[in-house]
Every structure is written in structure tokens, then in C-alpha cells.
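These are the residues of each chain, in order.
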Amino acid sequence: LGLMLQARSGKVSREEMADGLQAALDDLYLVIDSLDTVEGSLENVLGAYRARIAPKCEAAGIALDWQIEGTQTGRLSAPTTMLQLCRILQEAISNAIRHGKATRIRMLLSESAGQTTVTLTDNGSGFDPSTVEGLGRGLTSMRKRAASIGARLAFTDANPGCRISITLPFAANPGHP
């Protein structure tokens, strides 16, 4: 809506308009992918997300390493969980590129002791995790999204870079209430 109002007033450049429209389309794709009930496993939703971001990472000169280890394929999660997880990853990848100046991003989906964890690690400039409190809307938004689905979110130093771990609640796993 803000972009539309700016366009009508002539206060937005063509590049800003294109970037804003791309961001809106990306968000729409996330919503559609998260609602896909036929292919709604966590692995498939993350695969669809990877297919959408890989060309952008490549164009930005970012090497993308995507791994899935020890998970139960076909596990279904609620569409809300899928959407919030993808939005957290979207913010984390955006931060790694814009603020961290990363050249490599690694995403790992793993399962251990009945918990599912998505870990995103970059080789950028990183930041001191103890100073995360109060930094920017993006990190605050990531925390709120994680809390809304009952996930734990942790920021750690990857030296160099940053590591973000999202541990999903048991409800995201089969056989758990």
C-alpha cells in the first residue's frame, strides 16, 4: 500500500518500485508455498523456498549450500509454521547479504532427540550476539515470528559470520502432540 501511494505521488524511483514489487511477489510466493497441502512437508516447503531464492543468491554472488540430515521425510507441519519459518529464513538471508556482506550461506535441516532444527550460517561480518537486543525491526520480527509458532530462536557467532538456529516445537514432528 505504501509503495502504491508513493508511486501515485511520483515519489519513488523505478528501481525502488521494482524492488518493492519483487518483495511483494516474494511474500506472496511464501504464502502460497506454505499453504500447499499436497506438498506440505517441511522438506518440500524448504525445497520450494530454496528454488525461489537460489537465483537471487547466485545473482548476488552468494554460494548457497542446502542440506537435509536425519529427518523424517514427508513430515507435515501447519501452514502457519511453514510460513513463519520461511519468513524468518527470508529475513536472515537478507541480513546476511545486506548487512553481513556474506559470500556463502549454509542452511541445514536436522533432527536430533525428537527436535527439528533449521540452522542458517553465513560467512559475513557477523555481529556480537550479546548485542542483539534492541537491534532493528528485522531481528525483532524474527523473534516474534518464532514465538508465534512456539519455536526457539538463537543467534550465535560463527566466526566469521553469524549462525541462526530455529528449533521447531514437537507439534511440527510426527508422533508428538
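Residues numbered from 1 in each chain as written. Predicted model: local features only at pLDDT ≥ 70, side-chain atom pairs only at ≥ 80, totals over all residues. Heavy atoms only, no water.

Attention now goes to the overall build of the protein. Helices and strands together make up the secondary structure of the protein, namely 5 helices and 5 strands. Along the protein, helices and strands appear, N-terminal first, in the series α-α-α-β-α-β-β-α-β-β. In the protein, which comprises 177 residues, the proportion classed as buried is 38%. For the protein, the proportion of contacts with a sequence separation of at least 24, taken over those separated by at least 6, is 65%. Surface accessibility of the protein: about 9800 Å² in total, with carbon and sulfur atoms responsible for 55%. (Helix = DSSP H or I, 4+ residues; strand = E, 2+ residues; numbered from the N terminus. Buried < 20%, exposed > 50% of the residue type's maximum accessible area, 1.4 Å probe, protein only. Contact = heavy atoms within 4.5 Å. Areas by Shrake-Rupley, 256 points an atom, 1.4 Å probe, with all protein chains shown as cover.)

Chain-level statistics for the protein give a pLDDT mean of 80 and a share of 80% at 70 or above. Per-element confidence in the protein is highest for strand β5 (residues 162-168), whose mean pLDDT is 93, and lowest for helix α2 (residues 14-35), whose mean pLDDT is 74. In this model residues 171-177 is a low-confidence stretch, pLDDT under 50, and it forms 15 contacts with partners more than four residues away in sequence or in other chains. (pLDDT = per-residue confidence, 0-100.)

Another aspect to go through is the sheet that holds strand β2 (residues 104-112). Working definition: the strands of a sheet are paired by backbone hydrogen bonds and lie parallel or antiparallel to each other. Taken together, the 5 strands give an open sheet; going across it, the order is β1-β2-β3-β5-β4, and neighbouring strands pair in mixed fashion. Only two strands of the sheet have a single neighbouring strand rather than two, namely β1 (63-69) and β4 (152-157). Taking each pair of neighbouring strands and ignoring which way they run, the sheet shows an average axis angle of 15°. Along the sheet, helix α3 (residues 42-59) contacts β1, β2, β3 (115-122) and β5; its crossing angle with β1, the most-contacted strand, is approximately 170°. (Pairing = 2+ DSSP bridges. Axes fitted to C-alpha atoms, helices over the stretch in contact; angles between N-to-C directions.)

This brings us to the pairing of β2. Sheet topology places β1 next to β2; 7 bridges connect them, and they run parallel. In the sheet register, Ile-68 faces β2, and the bridge partner there is Leu-109. Relative to β3, β2 runs antiparallel, the two being bridged by 8 bridges. Counted as the bridge partner of Ser-112 is Gln-115 from β3.

Let us look at the side chain of Thr-81. Counting through the fold element by element, Thr-81 comes out in helix α4 (residues 79-98). Aside from chain neighbours lying at most four places away, what touches Thr-81 is Ile-149 and Leu-168.

So, about the pattern of salt bridges. Scanning all chains against the criterion turns up 1 salt bridge. For Asp-65, the salt bridge identified is with Arg-106, shortest N-O distance 3.5 Å. Note that Asp-65 is positioned in strand β1 and Arg-106 in strand β2, a separation of 41 residues in sequence. A relative accessible area of 31% places Arg-106 in the partly exposed class. (Salt bridge = Lys/Arg side-chain N within 4 Å of Asp/Glu carboxyl O.)

What follows deals with the packing of α3 against α4. Two elements in contact, α3 and α4, have axes whose closest approach is 11 Å; the angle formed by their N-to-C orientations is 25°. Considered as vectors, α3 and α4 are oriented roughly parallel to each other. Between α3 and α4 lies a crossing whose hand is right-handed. Taking contact as the criterion, the partners of Leu-42, Val-45, Leu-46, Tyr-49, Ile-53 and Cys-57 in α3 are, on α4, Met-82, Leu-85, Cys-86, Leu-89, Gln-90 and Ile-93. Across the contact of α3 with α4, the residue classes break down as 11 nonpolar, 1 polar and no charged. (Parallel < 35°, antiparallel > 145°, perpendicular 65-115°, else oblique. Left-handed = near helix turned anticlockwise from the far one by under 90°. Nonpolar A, V, L, I, M, F, W, Y, C, P; charged D, E, K, R; others polar.)

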